Amino acid sequence: MCGIVGYIGGNQATPILLNGLEKLEYRGYDSAGVAVYHNNAVNVVKSKGRLKNLCDLLEQDQSVTGTLGIGHTRWATHGEPSDINSHPHSSEHGTFVVVHNGIIENYLYLRDYLIGEGKHFTSETDTEVIAQLLEYYYNGNILDTIIKILSKITGAYALGIICKDNPDTLYAIRKDSPLIVGLGKNENFIASDIPAIIDKTRNIYRLNDNEIALIKRDGVAVYNTAKEIITKNKVYIDWDITAAEKDGYKHFMLKEIMEQPKAVHNTISPRLINGQVVLDELKLSEQDLKKLNKIVIVACGSAYHVGVVAKYAIEKVVRIPVEIDIASEFRYRDPIIDEHVLVLVISQSGETADTLAALRESKKLGARVLSIVNVVGSSIANESDDVLYTWAGPEISVATTKAYSTQLSMVYMLVLYMADMLGTISKQEYQTYITDLEKLPVLIEKTISDTKSIQAVASKYFQYENIFFIGRNIDYALSLEGSLKLKEISYIHSEAYAAGELKHGSISLIEDGTLVVALATYEALFDKMMSNIKEVKARGATVLSLTTEDKIMIESETDEIFYIPKINSMMLPSLAVLPLQLFAYYIANHRDCDIDKPRNLAKSVTVE
Ligand code: M6R
């Protein structure tokens, strides 16, 4: 999604803005721009396409000098990707210049109103309305004017604003879209995401909804919309800076795949104490658990796929009924939720707009919300009743890998915690699971240590244009993830099916040479999967199977095979997903795709 960076200080703003925007490229974008205050005017340079185009323009245009500036990478929503629709946007007479993440939902109404009042618009964007509104209501007091327009706009926004009448201040506001203020020495910053400024400062303020920051070179004042000063807590970001660097890998995705043993270890080990899962951060008591009549899981994309695994695991081990929903569906389906429901929200970024809205809807209906989140202090974490943080570290690649794996391991711990509390598991079973949990990082390491066979298979099939994934039970949950991973980074059309459902329609798509990836790790349904493999082979499919290392009998039925180590069935997805991630990665690499920044995609989907 869009990225924001802003600077005020004693140095030239443009290189700082470009450096920040480069760090935000991973979020996905289609155009970029900067605005810098200079000699009583705010100069704007912007361009469709990659940051390189903007840099080329800036090299020719030396007027963009100055020590106060804002920059933006745009992911188009309102209006096609074009030079004109790129941010920053200026008001008609150039009094205000704005960068914006989010969507102004009532922009058409406001635009019509302003046109009726004689304003001229140049772009098709919702953002331009903000700049024009500011100028329209401007009475010489910038803070008052900002507060005034906030009462006029609806929707989600993170905003960086410069007013040509005040070269000493950068203005920042947020509602439902993340924004931080970076605190430097005689210089300050704003950014939509930490990587944009982490090489400049590690001290930040996280802005909350409806807070307005007035940022000067030597200080920051934060107000609410009643013009009262808010005291903010400084947060120190202790990320390892190399986490946001490729560290010798060709792509962040491969680096992050290889970081999974460590990420899973970091997530599990602080919570495994003397052979017991200890979730000190949970306030959910035994009584709370006992009064639940169902758990509802809500998430998007890969986080939703973790939820599908969680449904199988919770129902099997904890024996509480589980519903699972895609967040964008849940929020509008009038769900049956009350105080006897626990809503489990899963999100890497903690900022996904639909997931956040589903959380709010659930709370409104009286449910308790427990979230599994990677980004500390994110909106979903802040608004949940309980938070379990995954310790994946920053994930840069748009395609999630290590966050998915840490979410899975958090799910296993939650399952064991609940099952132990409710007595739905014997002491012996509990101990077996704990032993496997302890071994998980090492088994992950083992599974990803040899990528040669996966590379060889990828080099054979990378030109295919249709690939199917099939599986049953947790293997079906994995099929969803394997298929998403492949399509999002390689652009190969791919579908995932519950294997037993094939003959109800989709098997008609199988013809000579169609590649079917058959997931057969779940022991209880292995024989059923063998039958499904035979069915597709009989119709000409080429089959790539994924199974555990003890199932060598599959070899006679399949063309290609990936083996994973054996572990209890609940934790199998943690190992089985690894060859699928690598398969997708090497296929996309062969196809020369932009793996870390696939077309049309964004890392954190902060708009609906
Ligand atoms: O930040 P979140 O976990 O809430 O994001 C959810 C999805 O947007 C995300 O998992 C997406 O599907 C990934 N690109 C998949 O690799």
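Residues numbered from 1 in each chain as written. Predicted model: local features only at pLDDT ≥ 70, side-chain atom pairs only at ≥ 80, totals over all residues. Heavy atoms only, no water.

1. Some points on the packing of helix α9 (residues 301-318) against helix α13 (residues 402-422)
Helix packing geometry: the angle between the two helix axes and the distance between the axes.
Here's step 1: Interaxial distance between α9 and α13 falls to 10 Å at its minimum, and their mutual angle equals 20 degrees. Judged on the interaxial angle alone, α13 and α9 are roughly parallel. Relative to α13, α9 is oriented so that their crossing is right-handed. When α9 is examined against α13, the residues Ser302, Ala303, His305, Val306, Val309, Ala310, Ala313, Ile314, Val317 and Val318 are found in contact with a partner set consisting of Tyr404, Gln407, Leu408, Val411, Val415, Met418, Ala419 and Leu422.
Here's step 2: Of the residues assigned to the contact of α9 with α13, the class counts are 15 nonpolar, three polar and no charged. (Axes fitted to C-alpha atoms, helices over the stretch in contact; angles between N-to-C directions. Helix = DSSP H or I, 4+ residues; strand = E, 2+ residues; numbered from the N terminus. Parallel < 35°, antiparallel > 145°, perpendicular 65-115°, else oblique. Left-handed = near helix turned anticlockwise from the far one by under 90°. Contact = heavy atoms within 4.5 Å. Nonpolar A, V, L, I, M, F, W, Y, C, P; charged D, E, K, R; others polar.)

2. Points about unusual backbone geometry
Here's step 1: Omega for the bond connecting His87 with Pro88 falls within 30 degrees of zero, at 0 degrees, which places this linkage in the cis form.
Here's step 2: In this structure, Pro88 sits in the loop between β4 (68-74) and β5 (89-90).
Here's step 3: A positive phi angle, close to 65 degrees, is found at Asn40, a residue other than glycine.
Here's step 4: On the secondary structure map, Asn40 appears in the loop between β2 (31-38) and β3 (41-48).
Here's step 5: For Asp334, which is not a glycine, the phi torsion comes out positive at approximately 55 degrees.
Here's step 6: Take Asp334: it is sitting in the loop between α10 (327-330) and β19 (341-347).

3. Points about empty space enclosed by the protein
Here's step 1: Using the criterion set out here, one finds three cavities of 30 Å³ or more in the structure.
Here's step 2: One number sums up the size of the largest cavity: a volume of about 90 Å³.
Here's step 3: Taken together, Val309, Tyr312, Ala313, Lys316, Val317, Tyr433, Asn473, Ile474, Tyr522, Ser569 and Met570 form the lining of the largest cavity.
Here's step 4: For the lining of the largest cavity, the element with the highest residue contribution is α9, accounting for five residues.
Here's step 5: Here the lining of the largest cavity is composed, by residue class, of eight nonpolar, two polar and one charged.
Here's step 6: Cys2, Arg74, Trp75, Ala76, Thr77, His78, His87, His100, Gly102, Thr125, Asp126 and Thr127 together form the lining of the second largest cavity.
Here's step 7: Tallied by class, the residues present in the lining of the second largest cavity amount to three nonpolar, seven polar and two charged. (1 Å grid on protein atoms, 1.4 Å probe; cavity = no way out; pocket = protein on both sides within 12 Å on 5 of 7 lines; lining within 4 Å. Points joined across faces, edges and corners; volume = space filled by probe spheres on them.)

4. Brief notes about the side chain of Lys402
Here's step 1: Structurally, Lys402 is set in helix α13.
Here's step 2: What makes Lys402 buried here is its relative accessible area of 2%.
Here's step 3: In this structure Lys402 touches Glu256, Glu259, Gln260, Ala263, Ala392, Gly393, Pro394 and Glu395, once residues within four positions along its chain are discounted. (Buried < 20%, exposed > 50% of the residue type's maximum accessible area, 1.4 Å probe, protein only.)

5. Examining the packing of aromatic side chains
Here's step 1: All chains considered together, the criterion is met by nine aromatic pairs.
Here's step 2: Measuring from centroid to centroid gives 5.4 Å for Tyr7 and Phe189, while their planes differ by 55 degrees, and the two rings are tilted. Placement of Tyr7 in strand β1 (residues 3-8) and of Phe189 in strand β10 (residues 188-191) is noted, with a sequence separation of 182 residues between them. Side by side, Tyr7 and Phe189 carry an identical accessibility label, which is buried.
Here's step 3: With centroids separated by 5.1 Å and ring planes inclined at 75 degrees, the aromatic side chains of Tyr585 and Tyr586 adopt a geometry described as edge-to-face. Like Tyr586, Tyr585 is buried. (Phe/Tyr/Trp six-rings, centres within 6.5 Å; stacked < 30°, edge-to-face > 60°.)

6. Points about the pairing of β10
Here's step 1: What you see with β10 is no split at all: Asn188 and Ile190 on one side and Phe189 and Ala191 on the other are buried throughout.
Here's step 2: Examined bridge by bridge, β1 and β10 share four bridges and lie antiparallel to one another. In the strand pairing of β10, Ile8 is matched with Asn188.
Here's step 3: Inspection of the sheet shows strand β9 (residues 180-183) paired to β10 by four bridges, in the antiparallel sense. Counted as the bridge partner of Val181 is Ile190 from β10.
Here's step 4: Counting the residues that bridge the hairpin from β9 to β10 gives four residues, and of these Asn186 lies at a positive phi of roughly 55 degrees. (Pairing = 2+ DSSP bridges.)

7. Quick look at the state of the cysteines
Here's step 1: A full pass over the atoms with the stated rule returns zero disulfides.
Here's step 2: Cys2 takes part in no disulfide bond, and the closest cysteine sulfur to it belongs to Cys300, at a distance of 17 Å.
Here's step 3: The exposure class of Cys2 is buried, given its relative accessible area of 8%. (Disulfide = S-S within 2.5 Å.)

8. What about the site of the ligand?
Here's step 1: Taken together, 14 residues form the shell around the ligand, and within it Ser347, Gln348, Ser349, Thr352 and Glu488 come nearest.
Here's step 2: Within the contact set of the ligand, an oxygen atom lies 3.1 Å away from a backbone nitrogen or oxygen of Ser302.
Here's step 3: Take Thr400: an N or O atom from its main chain is 2.9 Å from an oxygen atom of the ligand.
Here's step 4: For the ligand, whose free accessible area comes to 410 Å², the fraction covered by protein is 91%.
Here's step 5: Elements supplying a minimum of two residues to the shell around the ligand: α9 and α16 (474-490). (Near = heavy atom within 4 Å. Polar contact = N/O pair within 3.5 Å; in protein donor to acceptor, adjacent residues only side chain to side chain. Areas by Shrake-Rupley, 256 points an atom, 1.4 Å probe, with all protein chains shown as cover.)

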